Amino acid sequence: MRKKLPKHLSYDYQLKLDDVPAKHADRLPLKVVMPGIILGLLMALLGCFELTGGMYAPESWNYTLSEDTRAPLFNHTAVDAAFIFLGLCIGIGSVVSYIRYKKIFFNGKTFSVDLRGVFGENELFREFLRNYDGVRLRMEFFQFGILTKNKYIIELVHRDPEKTIPLYISTEGTGIYQIWYYYAKRLNMPTMIDTDEGVVEREAPELDKSLKEYLFAKGLVDVYEDAPTVPADIVCLKKADRTVIRAKRQFWDIFSLLGAFWLFFYLLVVAAAAFNYERVERMIGSPAQTVAVFSAAVLLAVIFFGLMFKKDKIVLKDGCLILVHKFLFLSGKEYADLNRIRDIQVVYNPATDSYYLAIVTDDNMLAFCRGAPTEALQWIRDFVIYTMTR
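A few points on the structure.

Thresholds applied
Residues numbered from 1 in each chain as written. Predicted model: local features only at pLDDT ≥ 70, side-chain atom pairs only at ≥ 80, totals over all residues. Heavy atoms only, no water. Helix = DSSP H or I, 4+ residues; strand = E, 2+ residues; numbered from the N terminus. Buried < 20%, exposed > 50% of the residue type's maximum accessible area, 1.4 Å probe, protein only. Contact = heavy atoms within 4.5 Å. Areas by Shrake-Rupley, 256 points an atom, 1.4 Å probe, with all protein chains shown as cover. Pairing = 2+ DSSP bridges. Axes fitted to C-alpha atoms, helices over the stretch in contact; angles between N-to-C directions. Core = buried A, V, L, I, M, F, W, Y, C linked by side-chain atoms within 4.5 Å.

### What to know about the overall build of the chain
Then step 1. A tally of regular secondary structure across the chain gives eight helices and 18 strands.
Then step 2. In the chain, which comprises 390 residues, the share counted as buried stands at 43%.
Then step 3. Pairs at least 24 residues apart make up 58% of the contacts formed inside the chain by residues separated by at least 6 positions.
Then step 4. With the model as given, the accessible surface of the chain reaches about 21,400 Å², and the carbon-plus-sulfur share is 59%.

Quick look at the structure:
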């Protein structure tokens, strides 16, 4: 069953509590909205221009229609209508996203929130700090063109999701634990993280301990005394100097399907251009430039394809966890000292109603194996903790 979590508007937001009273607006900035408005208008205008004749008018070409023996791959009217529709949707959606906002004010004891929607009057509510449960850290995934990006959210949790207060939102996860720690201590609230086994809380005095120190202090190390049995969905390769953990197959979610749709649409456009190669060459005006354009389009398609099917794996070596992202002939790595890992949990992803493994370090929050079965993610968590405590 899908859990209900609050929707925040910003991608770059921070409610600073060093000086109280404090206030900030949860809203998309104009510099983010304007490109969407401009792109939407350009797409709609281009569709209208082509629909009324435009570049397809016979007099706009330097050759007769009889010379062009190939029929177009797509119906021009349908393509022009699609451009107008998509352009209007992008433009209107961008305007709507700028109109909506939440203005948040904190006086040290009470939060006051002014909500503005697209229609109707503004809504205002006030809530005492003592009525909140804790400071939650979560990662939210969103579609950025063909790619998926991460949004790191720290929020003050209320039993009513509509009253949950955003404290920090960013697409950069650098130092996220220290920021989480700062808000929990400043508000004297426990930290919270939603997992497959419920909400995990840690009180503010325990936040300066690593996960290893916390387990030893609580006497929980015995739980991880034996190495767990490898599940069917996971491959665990033990070598002389390292252990490699990866999924046996690719796990797909709604964002993967959206990315696949845009990749398919892009390939259709490239195929249509290739089918009408002579016409494209006349438009560009130079055979060399036409070849360069098609080469760049094919290279971009290969890069998109590689990003769609990139493979992740965890390498445990010399007291260090290395998260490796590999696609095509390139790879990226993220590092975490096992002795400095603050938490590792199987965390809920509300966008796809699935789970992923979250590894919280002093410097970042790493996400691994999105969409995998919870049993597989639990095994990876337990095996990393088992390795950490040996």
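### Regarding the environment of Pro287
Then step 1. With respect to the helices and strands, the residue Pro287 is situated in helix α7 (residues 287-308).
Then step 2. Under the relative-accessibility criterion, Pro287 is labelled partly exposed at 48%.
Then step 3. Not counting residues within four places of it along the chain, the set of residues in contact with Pro287 comprises Tyr277 and Glu281.

### Overview of the sheet that holds strand β14 (residues 320-327)
Then step 1. Taken in spatial order, the five strands line up as β11-β12-β13-β14-β15 in an open sheet, and their pairing is antiparallel. Taken across any chain shown, the strands that pair with only one partner, and hence form the sheet edges, are β11 (234-238) and β15 (330-337). Going across the sheet, the axis of each strand differs from the next one's by a mean of 20°, ignoring polarity.
Then step 2. Its contacts with the sheet place helix α8 (residues 374-388) against β11, β12 (243-247), β13 (311-317) and β14, and it is angled at close to 25° to β11.

### Some words on unusual backbone geometry
Then step 1. Each neighbour pair has its own omega, and for Val20 with Pro21 the value is 10°, a cis peptide bond.
Then step 2. As for its position among the elements, Pro21 is in the loop between β1 (13-14) and β2 (22-26).
Then step 3. We note that Asn188 has phi near 55°; this positive angle belongs to a residue other than glycine.
Then step 4. Position of Asn188 among the secondary structure elements: in the loop between α3 (176-187) and β9 (191-195).
Then step 5. On the basis of relative accessibility, which here comes to 64%, the residue Asn188 falls in the exposed class.

### Overview of the nonpolar core
Then step 1. Within the largest apolar cluster, 41 residues are counted, with the highest numbers of intra-cluster contacts made by Ile154 and Leu156.
Then step 2. Contributing elements (two or more residues each) for this core: β3 (101-106), β4 (110-116), β6 (134-144), β7 (147-157), β8 (165-170), α3, β17 (354-360) and β18 (365-368).
Then step 3. Of the residues forming this core, the biggest block, eight residues, is contributed by α3.
Then step 4. Beyond its immediate chain neighbours, meaning those up to four positions away, Ile154 contacts Val135, Arg136, Leu137, Pro166, Leu167, Tyr168, Ile176, Ile179, Trp180 and Tyr183.

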